[in-house]
Amino acid sequence: MSDIQRAVAFYEGKLGLRAVWSGPSAHIAGGSRVYESGGGPALNVYQSVTAGQTSATLATWYVDDIDAVVDELVAAGVEVSRYEQYEHDAKGITARAGGGRIAWFQDPDGNTFAVEADA
């Protein structure tokens, strides 16, 4: 993230992730957070000048009920990303290669994340 406070607002405020550790990142006091996901520490977010410079999906959460998760994300103010090359349903969910369904979203710097489900 280009700004750790903006990251905290997004990851904790909109995604509802719980920080299990906070510390320095390079020369930035308090510039890093490790978030719990799936029952343990899983996602390290830190302030960086290169934030948002990849078009790749950085992390994917596998969920049981993708419709409910997308509804929760949208209710929290997260916008589901839509890509021209894919067909999306009304919620922005698309069929996943090999079966299942997927929806993408971005953090404030444009880093891409996804939620996926087998059904």
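See the structure printed just above.
Model, not experiment: these values are computed from the prediction.

So, on to the sheet that holds strand β3 (residues 40–46). Strand order in this open sheet of three strands is β1-β2-β3, and the pairing throughout is antiparallel. Edge positions in the open sheet fall to β1 (18–25) and β3, since each of these has one partner strand only. Direction aside, the axes of adjacent strands within the sheet are offset by 30° on average.

This part covers the pattern of salt bridges. Tallied over the full model, the rule gives eight salt bridges. The closest approach of N and O atoms between Arg 96 and Glu 116, which form a salt bridge, is 2.7 Å. On the criterion of sequence distance, the pair formed by Arg 96 in the loop between β6 (94–95) and β7 (101–106) and Glu 116 in strand β8 (residues 112–117) is long-range, its members being 20 residues apart. The network of salt bridges with shared partners includes Asp 67, Asp 71, Asp 89, Lys 91 and Arg 101.

To continue, consider the side chain of Ser 48. Tracing the backbone shows Ser 48 in the loop between β3 and β4 (57–62). At a separation of 2.9 Å, a polar atom in the side chain of Ser 48 contacts the side chain of Thr 50. If we skip the residues at most four places from it in the chain, Ser 48 touches Met 1 and Ser 2.

Scanning all chains against the criterion turns up eight aromatic pairs. Pairing Tyr 11 with Tyr 35 gives two aromatic rings, centres 5.8 Å apart and planes at 25°, and the pair type is stacked. Here Tyr 35 lies in strand β2 (residues 28–37) and Tyr 11 lies in helix α1 (residues 4–14), a separation of 24 residues in the sequence. Joined through ring pairs, the aromatic side chains of Phe 10, Tyr 11, Tyr 35, Trp 61, Phe 105 and Phe 113 make up one cluster.

Two strands pair when backbone bridges link them, and β2 and β3 are joined in this way by six bridges, in the antiparallel orientation. For Arg 33, the partnering residue across the bridge sits in β3 and is Val 45. The turn joining β2 and β3, which pair antiparallel and follow one another in sequence, is formed by two residues; a positive phi near 70° is taken by Gly 38.

Time to look at the nonpolar core. Grouped together as the largest cluster of nonpolar side chains are 25 residues, with contacts concentrated most on Tyr 11 and Phe 105. Counting only elements with at least two residues in this core, the list comes to α1, β3, β4, α2 (66–75), β7 and β8. Here the element with the most residues in this core is α1; it accounts for five residues. If near-sequence neighbours (up to four positions away) are discounted, Phe 105 is found in contact with Phe 10, Leu 15, Trp 61, Leu 73, Val 78, Glu 79, Ser 81, Asn 111, Thr 112, Phe 113, Ala 114 and Val 115.

Next up on the list: α1. Residues lying three or four places apart along an α-helix face the same way, a consequence of the helix completing one turn every 3.6 residues. Residues of α1 that are buried: Ile 4, Ala 7, Val 8, Phe 10 and Tyr 11. Where α1 is buried, its residues meet β2, β3, β7 and β8. The backbone nitrogen of Gln 5 lies 2.8 Å from a side-chain oxygen of the residue at the head of α1, namely Asp 3. Gly 16 sits one or two residues past α1 and shows a positive phi near 75°.

Take the environment of Gly 30 next. Relative to the elements of secondary structure, Gly 30 occurs in strand β2. The exposure class assigned to Gly 30 is partly exposed, which follows from its relative accessible area of 25%. Sequence separation between Gly 30 and Tyr 46 is 16 residues; the distance between their C-alpha atoms is 9.0 Å. Ignoring any residue separated from it by four or fewer positions in sequence, one finds Gly 30 in contact with Ile 4, Ser 22, Gly 23 and Pro 24.

About the thresholds
- Residues numbered from 1 in each chain as written.
- Predicted model: local features only at pLDDT ≥ 70, side-chain atom pairs only at ≥ 80, totals over all residues.
- Heavy atoms only, no water.
- Pairing = 2+ DSSP bridges.
- Helix = DSSP H or I, 4+ residues; strand = E, 2+ residues; numbered from the N terminus.
- Axes fitted to C-alpha atoms, helices over the stretch in contact; angles between N-to-C directions.
- Salt bridge = Lys/Arg side-chain N within 4 Å of Asp/Glu carboxyl O.
- Polar contact = N/O pair within 3.5 Å; in protein donor to acceptor, adjacent residues only side chain to side chain.
- Contact = heavy atoms within 4.5 Å.
- Phe/Tyr/Trp six-rings, centres within 6.5 Å; stacked < 30°, edge-to-face > 60°.
- Core = buried A, V, L, I, M, F, W, Y, C linked by side-chain atoms within 4.5 Å.
- Buried < 20%, exposed > 50% of the residue type's maximum accessible area, 1.4 Å probe, protein only.

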